Amino acid sequence: MRTRNRAVVAAMCAGLAATLAACGGGGGEKDPDAGTNGVGKLPATKIESKTRQAVVGASSVRLSGTLVTQGATYKLNMRLKADGGTGQVSTKGSSFELLRVGKELYLKAGAGFWSHDGGDEGHGGAADAAGKLDDKYVKVPSGDPSYQRLSGFTDMKLLLDGLLGLHGKVATGDHGQVDGVRTIRISAGKAGEGGSLDVSLEGRPYPLRLQRAGGAGVIQLADWNKGFKLAAPEKGHVLDYGQQIPEAP
């Protein structure tokens, strides 16, 4: 009887051990890269390289967050693709919308944007024009000094090339999540002072969050390859500013 009881207990223990092993129990740790695209197991330099390859092949993206450049802080929410982009930019209490279709760039803003410089030149000055331009699209001439600066916010390649660079030796950080998607972090410099990227472990290794070097902003990147339509505004919604586009306040 005792022999049979010992056999039953041994069988139960063996079954329990097998169950625990199958569930990752028994003191072992679950593999954080199980079921992923595998980039989390690569060296940091390889992860960075594969991330850049994924970005180069992307057709569109939504870019949002805070960008600090040349002493100015911008809050962005832009949808971008190869032939243009659309979205909103805010800075110092001023907000405006940008739309670029090919080389044609349009700006839409409230009266405050158009009147803030208090100019007196051309068509009654900026203050007089503000009421007419309120919430209307203005086509930005390609020769206007603001064209390059404003169109840069709508240029997918330019923005991503400029933003995604990490400064310093890169190292692999922790696994995490961004909006429910599993990620691996790579960072550069001491304590990530050279910036960091949270890279998707699901599907293609797109960057999902960027912390820029030197505290120069945090950017979220989403909706990779989700297409959207770009179209010039109807003619009745486009007005001529008649002078140089003002600088954002």
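Note that the coordinates shown come from a computational prediction; the quantities given were computed from them, not determined experimentally. (Residues numbered from 1 in each chain as written. Predicted model: local features only at pLDDT ≥ 70, side-chain atom pairs only at ≥ 80, totals over all residues. Heavy atoms only, no water.)

(A) Spotlight on the layout of surface pockets. Looking at the largest pocket, its volume works out to about 330 Å³. Forming the boundary of the largest pocket are 14 residues, of which Leu67, Thr69, Arg149, Phe153 and Leu159 lie nearest the centre. Secondary-structure elements contributing two or more residues to the lining of the largest pocket are strand 1 (60–69), strand 2 (72–81), helix 5 (145–152) and helix 6 (156–163). The element contributing the most residues to the lining of the largest pocket is helix 6, with four residues. Classifying every residue of the lining of the largest pocket by side-chain character gives seven nonpolar, five polar and two charged. In terms of lining residues, the second largest pocket is bounded by 13 residues, among which Val181, Leu208, Leu221, Ala222 and Asp223 are the most central. A total of three residues in the lining of the second largest pocket trace back to one element, the largest contributor, which is strand 11 (residues 218–222). (1 Å grid on protein atoms, 1.4 Å probe; cavity = no way out; pocket = protein on both sides within 12 Å on 5 of 7 lines; lining within 4 Å. Points joined across faces, edges and corners; volume = space filled by probe spheres on them. Helix = DSSP H or I, 4+ residues; strand = E, 2+ residues; numbered from the N terminus. Nonpolar A, V, L, I, M, F, W, Y, C, P; charged D, E, K, R; others polar.)

(B) Looking closely at helix 6. Listed as buried for helix 6 are Met156, Leu159, Leu160 and Leu163. Taken end-on, helix 6 shows its buried residues confined to a sector of 90°, consistent with a single buried face. Opposite the buried face of helix 6, at more than 90 degrees from it, the exposed residues are Lys157, Leu158 and Gly162. (Buried < 20%, exposed > 50% of the residue type's maximum accessible area, 1.4 Å probe, protein only. Arc of directions from axis to C-beta.)

(C) Geometry of the pairing of strand 5 (residues 104–109). Among the six residues of strand 5, five are classified as buried, and the element is accordingly described as predominantly covered. Pairing of strand 4 (residues 94–101) with strand 5 involves six bridges; the strand directions are antiparallel. Bridging from a neighbouring strand, Leu99 pairs with Tyr106 of strand 5. Sheet topology places strand 5 next to strand 6 (residues 136–140); five bridges connect them, and they run antiparallel. Across the sheet, residue Leu105 finds its bridge partner in strand 6, namely Val140. (Pairing = 2+ DSSP bridges.)

(D) Spotlight on the pattern of salt bridges. Summed over all chains, the structure comprises nine salt bridges. Among the ionic pairs, Lys108 bridges to Glu97, the shortest N-O distance being 3.9 Å. In this pair, Lys108 sits in strand 5 while Glu97 sits in strand 4, placing the two residues 11 residues apart along the sequence. Lys157 is the partner of Asp161 in a salt bridge, and the nearest nitrogen-oxygen pair spans 2.8 Å. Taken together, the residues Asp161 and Lys157, both in helix 6 and four residues apart, mark about one turn of the helix. (Salt bridge = Lys/Arg side-chain N within 4 Å of Asp/Glu carboxyl O.)

(E) How the structure looks around the environment of Arg209. As for its placement among the helices and strands, Arg209 is situated in strand 10 (residues 207–211). The spacing of Arg209 and Gln177 is 32 residues in sequence and 9.9 Å in space, taken between C-alpha atoms. Apart from residues no more than four positions distant in its own chain, Arg209 is found in contact with Gln177, Val178, Arg185, Ser196, Leu197, Asp198, Val218, Ile219, Gln220 and Leu221. (Contact = heavy atoms within 4.5 Å.)

(F) Up close: the sheet that holds strand 4. Pairing is mixed in the open sheet, where 12 strands are placed in the order 7-8-9-10-11-1-2-3-4-5-6-12. Either end of the sheet is taken by a strand with one partner, and the two such strands are strand 7 (170–178) and strand 12 (238–239). For strand 2 and strand 3 (residues 84–91), the ladder comprises seven bridges, and the chain directions are antiparallel. By the bridge assignment, Asn77 is partnered in strand 3 with Gln88. Along the sheet face, helix 5 touches strand 4, strand 5 and strand 6 and points at about 85° away from the line of strand 5. Of the strands in this sheet, strand 1, strand 2, strand 10 and strand 11 touch helix 6, which is tilted by about 55° from strand 1. (Axes fitted to C-alpha atoms, helices over the stretch in contact; angles between N-to-C directions.)

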